[in-house]
Amino acid sequence: MKSSDEIFRLIKSMTKKERNFFRKKMLPYYSDDGNYLKLFDEIAAQADEGDTYDESKVKGGEYAGKFIKNLSVHKNYMYGMLLESLRLCSANKPAAELRNMITEAQILFDKLLFDQSLKIIRKAMKLAHEKNLTLSQYDLINLERNILKYTATVEEYIDKSPALFDRQYEVLKQCENTVDFYRLNEDAGIFLRSYGAGRVRDEKQMKEFDRTFNNPLLQDESEAKTFQSRYIFFLLNMQKNSTLERWAEAYDYAKKAANLWEENPSMLDGPVENYIFSLSNLINASIRAGKHEETERALERFRRLPENFPDTITENSKVFIFYSHSVHEISHNMMQHRVKELEESIERISSSMAEYENSISLYQRIILYYFLSTGNFMLEKFDKCTYWNAKIFNLEK
């Protein structure tokens, strides 16, 4: 990949908040002639318009001095500026904040300011518990034990250190549990990518399905010891029951997964992709299970995600939300035979296609075109039905 493509992809991935931070907080310190701002805005405009970078548009702009002559150097320099900006912009995110606090506590420890170090350790430990940042707790306990070693008598250390070691062992067990569930989630993902949900057809596939989804870790919620483990427990049991077309059970697990995020709002301070997927799964399961009122509520929560999380919803997530909400809304209205609502939703979705269509993956585009075609068929708008079918047939031609 060319460096031009790398900086284009990086800028394309940036949220509105991250772009504004770069413009307002970083560029004034690095450039007083406006060249880097012009370069950034030109690439950002291209990133918003499509997936291809056109350097001729940059070179056609007006820049001071010999900026364009040394464009490759300036792009490499701005790439480093962007990474530094993203690091600073994320400094108030829990994981980054916690890393900084651990560093500060270690600095104070090295300066023998043990009481000040302990204050930060306790504050950091509270944050680590709130955000379920388990591994960081191990480092904090280790630092606390080292302070005890320097400040306590031998007798006091012998008395108190075993409890600290026990806490570290418990943290390691929680980390191991999380890794076990992550690995199980990967195994399930490989199975579903290989065979697809709802497609267990032969004996070989059924054996593989049983091996993956009947793992002892998935038999009882008590096996999941951490927030992430519990989320994966609900997710995989939802996928298992969806594959077996047991929609009532799939709905129950999908609802538990969504509730897990909503009942732990502190976990929504950072990336919200897993919460987005949880709501999408809940909508799908509630439609299949015939939970029509729950479907309406979940669709509304899903639709409002970008306005409820304006600083953390990425552009990719906005595209997924548009795609998933569109497919589920059409499906829900068709299953309910709500002709007026179906017609309104198809009209609204069709008018928004220009903004999102080229950003949706090929596979998802086929699905969305199919639902738009089927919905129009139900409305007896056969010309529009034919239009969306033609879009499917002409893809990649």
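Everything that follows concerns the structure shown earlier in this document.
The present account deals with the structure reproduced in this document. All values derive from a computational prediction rather than experimental measurement.

Cut-off values and rules
Residues numbered from 1 in each chain as written. Predicted model: local features only at pLDDT ≥ 70, side-chain atom pairs only at ≥ 80, totals over all residues. Heavy atoms only, no water. Helix = DSSP H or I, 4+ residues; strand = E, 2+ residues; numbered from the N terminus. Contact = heavy atoms within 4.5 Å. Areas by Shrake-Rupley, 256 points an atom, 1.4 Å probe, with all protein chains shown as cover. Lys, Arg positive; Asp, Glu negative; His and termini not counted. Charge placed at Lys NZ, Arg CZ, Asp CG, Glu CD. Core = buried A, V, L, I, M, F, W, Y, C linked by side-chain atoms within 4.5 Å. Buried < 20%, exposed > 50% of the residue type's maximum accessible area, 1.4 Å probe, protein only. Salt bridge = Lys/Arg side-chain N within 4 Å of Asp/Glu carboxyl O. Phe/Tyr/Trp six-rings, centres within 6.5 Å; stacked < 30°, edge-to-face > 60°. Axes fitted to C-alpha atoms, helices over the stretch in contact; angles between N-to-C directions. Parallel < 35°, antiparallel > 145°, perpendicular 65-115°, else oblique. Left-handed = near helix turned anticlockwise from the far one by under 90°. Nonpolar A, V, L, I, M, F, W, Y, C, P; charged D, E, K, R; others polar. Expected span 1.5 Å × (residues − 1). Arc of directions from axis to C-beta.

### Here we look at the overall build of the chain
Helix and strand content of the chain: 19 helices and zero strands. In terms of principal-axis extent, the alpha carbons of the chain reach across some 85 × 65 × 40 Å. Here the analysis covers contacts within the chain between residues at least 6 apart in sequence; of these, 62% occur between residues at least 24 apart. About 22200 Å² of surface is accessible on the chain, with carbon and sulfur atoms providing 50% of the total. Averaging the positions of the 57 positive and the 61 negative side-chain charges in the chain gives two centres separated by 2 Å.

### Here's the deal with the nonpolar core
Of all hydrophobic cores here, the largest spans 63 residues; its most connected members are Ile276, Phe302, Leu305, Ile330 and Leu368. Sequence-distant contacts of Ile330, defined by excluding residues within four places in its chain, comprise Leu342, Ser345, Ile346, Ile349, Phe371 and Leu372. Judged by nonpolar contacts, the second largest core, of 24 residues, contains Leu108, Leu127, Ala152 and Leu164.

### Digging into unusual backbone geometry
If you check the backbone angles, Leu112 has positive phi at about 65° while not being a glycine. Tracing the sequence through the fold places Leu112 in the loop between helix H6 (94-110) and helix H7 (114-130). Judged by its relative accessible area of 57%, Leu112 falls in the exposed class. The phi dihedral of His337 is positive, around 55°, even though this residue is not glycine.

### Things to note about the pattern of salt bridges
Overall, the coordinates contain 18 salt bridges when judged by the stated rule. Residue Lys12 pairs with Asp51 through a salt bridge whose shortest N-O separation is 3.5 Å. Highlighted residues: Lys12 in helix H1 (residues 3-13) and Asp51 in the loop between helix H3 (35-49) and helix H4 (55-59), separated in sequence by 39 residues. The partly exposed category is assigned to Asp51, whose relative accessible area is 35%.

### Section: the side chain of Gln168
The residue Gln168 is located in helix H9 (residues 154-195) in this model. Residue Gln168 is classed as buried on the basis of its relative accessible area of 4%. When near neighbours in sequence (up to four residues on either side) are disregarded, Gln168 contacts Tyr138, Ile141, Asn142 and Arg145.

### Concerning the packing of aromatic side chains
Counting across every chain of the model gives 23 aromatic pairs. Between Tyr231 and Trp261 the ring centres are 5.6 Å apart and the planes differ by 75°, which places this aromatic pair in the edge-to-face class. Residue Tyr231 is found in helix H11 (residues 227-243), and its partner Trp261 is found in helix H12 (residues 247-262); the two are separated by 30 residues along the sequence. Given the relative accessible area of 4%, Tyr231 is considered buried. Here the aromatic rings of Phe322 and Tyr356 are separated by 4.5 Å at their centres, their planes lie at 15°, and the arrangement is stacked. Residue Phe322 is located in helix H16 (residues 315-335), and its partner Tyr356 is located in helix H17 (residues 339-356); the two are separated by 34 residues in the primary sequence.

### Here's the deal with the packing of H11 against H12
Between H11 and H12, the least distance of the axes is 8 Å, while the angle of their chain directions is 160°. One finds that H11 runs roughly antiparallel with respect to H12. Here H11 runs over H12; the crossing is left-handed. Between H11, through Phe227, Gln228, Arg230, Tyr231, Phe233, Phe234, Asn237, Met238, Asn241 and Ser242, and H12, the contact on the second element is made entirely by Trp247, Glu249, Ala250, Tyr253, Ala254, Lys256, Ala257, Leu260 and Trp261. Taken together, the residues of the contact of H11 with H12 break down into 12 nonpolar, four polar and three charged.

### Brief notes about the side chain of Ser85
Mapping Ser85 onto the fold places it in helix H5 (residues 71-89). With near-sequence residues (within four places) excluded, Ser85 lies in contact with Phe21, Phe22 and Met26.

### Looking at helix H14 (residues 292-303)
Relative to the 16 Å expected for 12 residues at 1.5 Å per residue, H14 spans 16 Å between its end C-alpha atoms, a close match to the ideal helical length. Here H14 has its buried residues at Glu294, Thr295, Ala298, Leu299 and Phe302. Viewed end-on, H14 has its buried residues packed into an arc of 135°, placing them on one side of the element. Looking at the packing, one finds that the buried side of H14 touches H12, helix H13 (273-288), helix H15 (305-308) and H16.

### Describing the environment of Gly65
With respect to the helices and strands, the residue Gly65 is situated in the loop between H4 and H5. Counting along the chain gives 30 residues from Gly65 to Asn35, while the straight-line C-alpha distance between them is 9.2 Å.

### Focus: H12
Helix length check: H12 (16 residues) gives 22 Å between terminal C-alpha atoms against 22 Å at 1.5 Å per residue, within 8%. What H12 keeps buried is the set Trp247, Ala250, Tyr251, Ala254, Ala257, Ala258, Leu260 and Trp261. The inward-facing, buried residues of H12 abut H11, H13 and H14.

### Comments concerning the packing of H13 against H14
Two numbers describe how H13 lies on H14: the axes approach to 9 Å, and their chain directions differ by 155°. Viewed along their axes, H13 and H14 adopt a mutual orientation that is roughly antiparallel. Where H13 crosses over H14, the handedness of that crossing is left-handed. Contact with H13, carried on its side by Ile276, Leu279, Ser280, Leu282, Ile283, Ser286 and Ile287, involves Glu294, Thr295, Ala298, Leu299, Arg301 and Phe302 of H14 and no other residues of that element. Across the contact of H13 with H14, the residue classes tally to eight nonpolar, three polar and two charged.

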